[in-house]
Amino acid sequence: MKTAWIAVLALLAAVQPVSAQTLINGAGATFPYPIYSKWFDEYAKIDPEVRFNYQSIGSGGGIKQITSRTVDFGATDGPMSDEQLKQAPGELLHIPTVLGAVVATYNVPGSPKLNFTPDVLADIFLGKITKWNDARIAAANAGASLPDQPILVVHRSDGSGTTYVWVDYLSKVSPEWQQKVGKGTSVNWPVGLGGKGNEGVSGQVKNTPGALGYVELAYAVKNKLPVASVKNAAGKFIEPTIASTTAAAAGAAKSMPDDFRASLTNVLGDDAYPIASFTWLLVYKDQPNEVKGRAVAKFLWWMSHEGQKYADDLLYAPLPQAVVKQIEAKIKHITYQGKPLMAAR
């Protein structure tokens, strides 16, 4: 009997690894965290043998961790620079996942619906406009009740793709910003207080009278914060919505670079919201682990197809079909030891 039990236990030990879950670790952007959480939950129903562990630590952290190979994928809203890509131990791919809008959100009595021109936004963040009732703010907001109250700028304290999108925009519309501050996932802010993650900035704005900050649209809506319309390159004040974010992507989809590192800020288009961006997952072209690599490739395929139906409800814009076709080709080139991990489809 004892021998039989030993045989059974040995058999169980032998089969257990086959049925064990594959854990995929990722880290990075807070901008897409709401939809990534939804995707990971939904994908577990499709493939219960795969589980995702995602740490929403900011794009800068995601880039660092995927570069050091401490995670299976990174996530960023600011594309890696050529220099950063050279520092990685292998070829890294940028895979677009959805599009989102970065919005100006504020805490002003009565939560009036505000408009901002590009030069005013830049000068507020440069510390040149310091009061809510400044004549230049009032000029774009006839009839709005603007208090004689200091503006408290709130920005990200961590390395952030949301920051990258925001300052990429400011660099395009303000020569002074471009010269004095520039763009990146982290910059030397002229004024303001820092908050960690989109969550931290949303919280600071919500709890601080007179605050003005920038967050991904979903975080403003979730926290019941007002969002401003911004004058676009066509001279129209555009509210951040799924439709206006999609409009910003329309032109980029026609001339998408092969590596997907495209900027959508201040693009032409009558209905385009001017502060929009793709967000990307970062994965190695040649995967270090065959099982995990195949799981990542299958998830990327699902995300770019079936997963897109969850975007609208969470206030993200789905990928344009032309971009999905490019992503399909890129996923088919993900390999393990040089051999493709995805079967032909």
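Every residue gets a number counted from 1 within its own chain, in the order that chain's sequence is written. Whole-chain, interface and lining totals are the exception, using all residues; otherwise, since this is a predicted model, local features are given only for residues with pLDDT of at least 70 and side-chain atom pairs are given and counted only at 80 or more. Note: side-chain values were computed over all heavy atoms of the structure, leaving out hydrogens and water.

Student: Please explain empty space enclosed by the protein as it appears in this structure.
Tutor: Summary: where empty space remains is shown by rolling a probe the size of a single water molecule over the atoms. In the cavity and pocket records, a cavity denotes points on a 1 Å grid over the protein atoms alone where a 1.4 Å probe fits but cannot get out, a pocket denotes an open set with protein on both sides within 12 Å along at least 5 of 7 lines, and lining residues are residues with an atom within 4 Å of a point. Grid points are joined across faces, edges and corners, and a volume is the space filled by probe spheres set on the points. Within the structure shown, the criterion is met by one cavity of 30 Å³ or more. The volume enclosed by the largest cavity comes to roughly 40 Å³. Every residue along the wall of the largest cavity is listed here: Ile24, Phe52, Phe73, Leu281, Val283, Val296, Phe299 and Leu300. Segments assigned H or I by DSSP are reported as helices when at least four residues long, segments assigned E as strands when at least two residues long, and all are numbered from the N terminus. Counting residues per element, the ones that place at least two in the lining of the largest cavity are β11 (276-284) and α12 (290-304).

Student: Teacher, can you tell me more about the sheet that holds strand β5 (residues 115-116) here?
Tutor: Backbone hydrogen bonds hold the strands of a sheet together, and the pairing may be parallel or antiparallel. At least two bridges found by DSSP between two strands are what make those strands a pair. The strand order across the open sheet built from three strands is β5-β9-β10, with neighbouring strands paired in mixed fashion. If you trace the sheet from one side to the other, it starts and ends with β5 and β10 (237-238), each paired once. Bridge analysis of β5 against strand β9 (residues 229-231) gives two bridges, and the strand direction is parallel. Across the sheet, residue Asn115 finds its bridge partner in β9, namely Ser229.

Student: Hey, could you run me through the packing of helix α2 (residues 33-46) against α12 in this one?
Tutor: Each pair of packed helices can be summarised by the angle the axes make with each other and by the distance between the axes. A fitted line through C-alpha atoms represents every axis, and for helices the fit uses only the stretch in contact; the resulting angles, taken between N-to-C directions, go from 0 to 180 degrees. As a packed pair, α2 and α12 sit with axes 11 Å apart at the nearest point and diverge in direction by 110°. As judged from the angle between their axes, α2 and α12 are roughly perpendicular. Our pair here, α2 against α12, has a crossing hand that is right-handed. The segment α2 lies against α12, with Trp39, Phe40, Glu42, Tyr43 and Ile46 engaging Ala295, Lys298, Phe299, Trp302 and Met303. Put simply, Ala, Val, Leu, Ile, Met, Phe, Trp, Tyr, Cys and Pro go in the nonpolar bin, Asp, Glu, Lys and Arg in the charged bin, and everything else, Gly too, in the polar bin. Per-class residue counts for the contact of α2 with α12 are eight nonpolar, no polar and two charged. Should an angle fall under 35 degrees it is called roughly parallel, over 145 degrees roughly antiparallel, and 65 to 115 degrees roughly perpendicular, with every other angle called oblique. In this scheme the handedness of a crossing depends on how the near helix is turned from the far one: anticlockwise by less than a right angle means left-handed, clockwise means right-handed. Only heavy atoms enter the contact rule, under which two residues are in contact if any of them lie within 4.5 Å.

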